[in-house]
Amino acid sequence: MLVALVESAALVVACWAAGQVRTSWTVVDAVVNVVLFVVVAPAYNYVLVAVLVVGLASTRLRWIVVIGWVVASVYAVVGVARANGPLWNIRPNAVSLAFVPVVPWLMARQIRAAVVRMDARHAEVIRRAEDLAARSLMIM
């Protein structure tokens, strides 16, 4: 668990320093978390949060779906092989791991589109302010 904590802290620091969350970093984070928490010590809640972060960071739905299904498949195979907890619980957990990343992806997509519209509107306001300032200088 300490390895996951250090790796996650390193991801946060790297994203903070870069000023962005890079898709490739979240993929590495998801892989590390899947290996640690599904294969080594199953921790469904932690893996669920890790796949959510992948959904927020990536812009390509195809990768979101692939990563979600890979995580879900590994979780299901390891869960059946180890018989960790009740077997009837493996299917719903795996299905949620497969589809949950799509929800933050949809939300992030809408937020990104809104930010693009806001940036365009801001540029238009600045252009109009510059025009108005230039006209007011011409009047004087």
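Fair warning: this is a prediction, and the values are worked out from it, not measured in the lab.

So, how was this worked out
Residues numbered from 1 in each chain as written. Predicted model: local features only at pLDDT ≥ 70, side-chain atom pairs only at ≥ 80, totals over all residues. Heavy atoms only, no water. pLDDT = per-residue confidence, 0-100. Helix = DSSP H or I, 4+ residues; strand = E, 2+ residues; numbered from the N terminus. Axes fitted to C-alpha atoms, helices over the stretch in contact; angles between N-to-C directions. Parallel < 35°, antiparallel > 145°, perpendicular 65-115°, else oblique. Left-handed = near helix turned anticlockwise from the far one by under 90°. Contact = heavy atoms within 4.5 Å. Nonpolar A, V, L, I, M, F, W, Y, C, P; charged D, E, K, R; others polar. Core = buried A, V, L, I, M, F, W, Y, C linked by side-chain atoms within 4.5 Å. Buried < 20%, exposed > 50% of the residue type's maximum accessible area, 1.4 Å probe, protein only. Expected span 1.5 Å × (residues − 1). Arc of directions from axis to C-beta.

Caption draft 1: Highlighting the confidence of the model for the chain. For the chain, per-residue confidence averages 83 on the pLDDT scale, and residues scoring 70 or more make up 94% of the total. Per-element confidence in the chain ranges from a low mean pLDDT of 74 for helix α2 (residues 23-40) to a high of 92 for helix α6 (residues 102-139).

Caption draft 2: Examining the packing of helix α3 (residues 44-57) against helix α4 (residues 61-82) more closely. Contact geometry of α3 with α4 gives a least axis separation of 10 Å together with a crossing angle of 170 degrees. Between α3 and α4, the angle falls in the class roughly antiparallel. α4 is crossed by α3, and the crossing has right-handed handedness. Contact residues: α3 offers Tyr 44, Val 47, Val 51, Val 54 and Gly 55, while α4 offers Ile 64, Ile 67, Gly 68, Val 71 and Tyr 75. Tallied by class, residues from the contact of α3 with α4 come to 8 nonpolar, 2 polar and no charged.

Caption draft 3: Quick peek at the nonpolar core. In this structure, Val 71, Tyr 75 and Leu 97 are the most contacted members of the largest nonpolar core, which totals 17 residues. Taken together, the elements giving at least two residues each to this core come down to α2, α3, α4 and α5 (90-99). Once residues within four sequence positions are removed from consideration, Leu 97 is found in contact with Tyr 44, Val 47, Leu 48, Val 51, Gly 68, Val 71, Ala 72 and Tyr 75.

Caption draft 4: Broad picture of the side chain of Ser 96. Counting through the fold element by element, Ser 96 comes out in helix α5. What makes Ser 96 buried here is its relative accessible area of 18%. Contacts of Ser 96, omitting those with residues within four sequence positions, involve Tyr 44, Leu 48 and Pro 101.

Caption draft 5: Representation of the packing of α3 against α5. The geometry of α3 relative to α5 is characterised by a closest axis approach of 9 Å and an angle of 20 degrees between their N-to-C directions. Our classification of the angle between α3 and α5 gives roughly parallel. Regarding α3 and α5, the two cross each other, and that crossing is left-handed. Residues Tyr 44, Val 47, Leu 48 and Val 51 of α3 form the contact with α5, whose participating residues are Asn 93, Ser 96 and Leu 97.

Caption draft 6: View of α4. Between the first and last C-alpha of α4 there are 31 Å, a value that for 22 residues agrees with the 32 Å anticipated at 1.5 Å per step. All of the buried residues along α4 are Ile 64, Ile 67, Gly 68, Val 71, Ala 72, Tyr 75, Val 78 and Gly 79. Considered in projection along α4, the buried side chains sweep an arc of 140 degrees and stay on one side of the axis. Opposite the packed face of α4, turned more than 90 degrees from it, sit the exposed residues Arg 62, Val 77, Val 80 and Ala 81. With its phi angle positive at about 55 degrees, Ala 83 sits one or two positions after the end of α4.

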